[in-house]
Amino acid sequence: MREYEMMVIIDPDIGEEAISASIDKLKQIILDNNGEIEDIDEWGKRTLAYEIRHKKEGYYVVYQFKADPTVPDKLRRELRLNRNFMRGMIIRRGD
């Protein structure tokens, strides 16, 4: 298993329940693929450096996890297809 860090920006206009569900969705993808969550750090609502989809704020969440090399592709797919996620980035830690 490899160590990864993922930062996502969630649309803050969807409401607290939908934000929580979006956070849990990514967490569940990691756990369903035999990954281990080390930490989930919710930064909360922050001002964006530039507008994304005509929005000036986003809800930031940082995940630190261990998983097989196939898991980041599954997470990227969810980030692309789910409109609640405005941006996302996954990096491999320890390099």
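Before any of the text, the structure's been laid out above.
Residues numbered from 1 in each chain as written. Predicted model: local features only at pLDDT ≥ 70, side-chain atom pairs only at ≥ 80, totals over all residues. Heavy atoms only, no water.

Thoughts on the environment of F65
Mapped onto the secondary structure, F65 falls in strand 3 (residues 55-67). Placed 12 residues apart in sequence, F65 and R77 show a C-alpha to C-alpha distance of 17 Å. With residues up to four places along the chain from it excluded, the contact list for F65 reads R2, E3, Y4, M6, I30, E36, I37, E38, V71, L75 and R93. (Helix = DSSP H or I, 4+ residues; strand = E, 2+ residues; numbered from the N terminus. Contact = heavy atoms within 4.5 Å.)

Some words on the sheet that holds strand 3
The sheet built from four strands is open, its strands ordered 2-3-1-4 with antiparallel pairing. Lying at the two open borders of the sheet, with one neighbouring strand each, are strand 2 (36-52) and strand 4 (85-92). For this sheet the average axis-to-axis angle between neighbouring strands, irrespective of direction, equals 20°. Strands strand 1 (2-10), strand 2, strand 3 and strand 4 of the sheet are contacted by helix 1 (residues 16-32), whose axis makes an angle of about 25° with strand 3. The sheet strands contacting helix 2 (residues 71-81) are strand 1, strand 3 and strand 4, and the helix crosses strand 4 at an angle near 165°. (Pairing = 2+ DSSP bridges. Axes fitted to C-alpha atoms, helices over the stretch in contact; angles between N-to-C directions.)

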